[in-house]
Amino acid sequence: MTPRLWAACALGVLVLALIAYAATVVPWHRPPAPRADQLEALRGLPGDQVERARAFHSDLRPGSYGAMAVGLLAALVLGLTPLGARLVSLVGRPFGDHWIAQAVLGGLVIVLVVEVLTLPFAVWRHTVVVRYDISTQTWGPWAVDLAKSYAVGAVIGGLALLGFFTVTRLAPRWWWAFGAVGAAALVVLLSFVLPVVVEPIFNKFTPMAQGPLRTELMSLAARDGVPVRDVLVADASRRTRAVNAYVSGFGPTRRIVVYDTMLTEATPEEVVSVTAHELGHAQRGDVVTGTIIGALGAAAAVIALYLLGSLGWLLRLAGTESMGEPRTIALLLALVSVAGLLGGPAQALVSRRIEARADAHALELTGDAATFEAMQRRLGSVNLSDPDPPTWEHLMFASHPSTVERMAAARAYARGER
Ligand SMILES: [Zn+2]
């Protein structure tokens, strides 16, 4: 058997494993959230607030979709013409065309070109979120955040590129196998260390102050059978007025994080309700589920890239000879961008199902549908989320059920519908 045949078989096995894993682990059954309840919930929301949320989102759209379109177009132009390959060669020239310079610096320059082209849209978006009083950031701290995320991306991306092209050089025929294992391992490693290494670059996390709320949250976790060492508060207020909570990491790095804005904007009962939702994620190991899906997907993607490397016309378009040389970076970026766009809706669907289960968990754990609904209303009004967004947009991008879906689920739960 040739390496290519092995690769095709491995890809088939990985795709089947991904499908089987998602089919068994993702909660495809969703607790009922009848449309009639959704519409009633929508009618119950203050009209001016709904209007303001919708105006906010329609003002955001040109910036969001503009960035997406320009980013994709730039990746395609760089990757499907010899332009990207030439750029990588150019960057490597002062370093004697050394492959490490081409791989790391060339890769960073390609990504930087795309980032610079989409930067005006990011600026536009920031003016909108400031105008609607969601962001509390002036341009200085905004630029610092941007620089920090570029730096984090450069370090992670640079290491990934260095690893990738080391493997393609050491094993020209079998790099796809080592690359697949490496990509999966990187996803697992990142999911594990991001909360303790990267998140603190952007926010300060402090244990929630001793007091009745903290005591109640810890006893809620104990009642739920979820070992939680601490509930952390993030200083999100230095950049946003939006409220949020999340769980990240797994094993020893697992943490439940509540935005400090939540403690000032929401009632203690609502914080309990949100924490109960996060405990649902922790109890079901949703971070691990997402990590395993991501790792399988990354491994499959590496093998798919290897197989695409046998398409002579594709390489000729990109002006390179093989997938394994750094001059192909722009083509890799173009293919990954297209795959990301195509895979987005499936990822969003999985996320919405998992979020709906965490909502059901919160309702069961607290038995308090009224507070859950009040919390959803609060999240919607403070964050200016469109309570009932356009269907296509919801299907394409939404990681969570909509506000009215979540409110309807609470109403159905209160009636005893499961
Ligand atoms: Zn959630």
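In case you missed it, the structure is sitting above this.
Residues numbered from 1 in each chain as written. Predicted model: local features only at pLDDT ≥ 70, side-chain atom pairs only at ≥ 80, totals over all residues. Heavy atoms only, no water.

A look at the layout of surface pockets
With a probe scaled to a water molecule rolled over the atoms, the places where space remains empty come into view.
Here's step 1: Roughly 310 Å³ of internal volume is contained in the second largest pocket.
Here's step 2: Lining the second largest pocket are 21 residues, with Arg30, Gln38, His394, Ser402 and Glu405 positioned closest to its centre.
Here's step 3: Those elements giving two or more residues to the lining of the second largest pocket turn out to be helix 2 (35-44), helix 14 (329-366), helix 16 (391-397) and helix 17 (403-414).
Here's step 4: Ranked by residues supplied to the lining of the second largest pocket, first place goes to helix 14 with 5 residues.
Here's step 5: Here the residues of the lining of the second largest pocket sort into 9 nonpolar, 4 polar and 8 charged. (1 Å grid on protein atoms, 1.4 Å probe; cavity = no way out; pocket = protein on both sides within 12 Å on 5 of 7 lines; lining within 4 Å. Points joined across faces, edges and corners; volume = space filled by probe spheres on them. Helix = DSSP H or I, 4+ residues; strand = E, 2+ residues; numbered from the N terminus. Nonpolar A, V, L, I, M, F, W, Y, C, P; charged D, E, K, R; others polar.)

With respect to the sheet that holds strand 4 (residues 255-259)
Here's step 1: Across the sheet, 4 strands lie side by side as 1-2-4-3; this open sheet has mixed pairing. Because the sheet does not close on itself, it has two edges, and the strands there are strand 1 (205-207) and strand 3 (245-248). Between one strand and the next, the sheet's axes are offset by a mean angle of 35°, whatever the strand orientation.
Here's step 2: Relative to strand 4, strand 3 runs antiparallel, the two being bridged by 4 bridges. Each residue of the ladder has a partner; that of Tyr246, found in strand 4, is Val257.
Here's step 3: Its contacts with the sheet put helix 11 (residues 268-284) on strand 3 and strand 4, and the angle it makes with strand 3 is roughly 20°. (Pairing = 2+ DSSP bridges. Axes fitted to C-alpha atoms, helices over the stretch in contact; angles between N-to-C directions. Contact = heavy atoms within 4.5 Å.)

Quick look at helix 1 (residues 3-25)
Here's step 1: For helix 1, which comprises 23 residues, the first-to-last C-alpha distance of 32 Å matches the rise-based estimate of 33 Å (1.5 Å per residue) to within 8%.
Here's step 2: Residues of helix 1 that are buried: Pro3, Ala7, Leu11, Leu14 and Ala22.
Here's step 3: Looking at the packing, one finds that the buried side of helix 1 touches helix 7 (175-197) and helix 12 (286-308). (Expected span 1.5 Å × (residues − 1). Buried < 20%, exposed > 50% of the residue type's maximum accessible area, 1.4 Å probe, protein only.)

Quick look at the coordination of the zinc ion
Here's step 1: For the zinc ion, every protein donor is listed as His277 (NE2), His281 (NE2) and Glu355 (OE), and the spread of their distances is 1.9 to 2.1 Å.
Here's step 2: Mapping the donors of the zinc ion onto the primary sequence gives the spacing H-x3-H-x73-E. Here His277, found in helix 11, pairs with Glu355, found in helix 14; they are 78 residues apart in sequence, far enough to count as distant.
Here's step 3: Among the residues examined, His277 registers a relative accessible area of 6% and is labelled buried. (Donors = N, O, S within 2.8 Å, 3.2 Å for Na, K, Ca; no water.)

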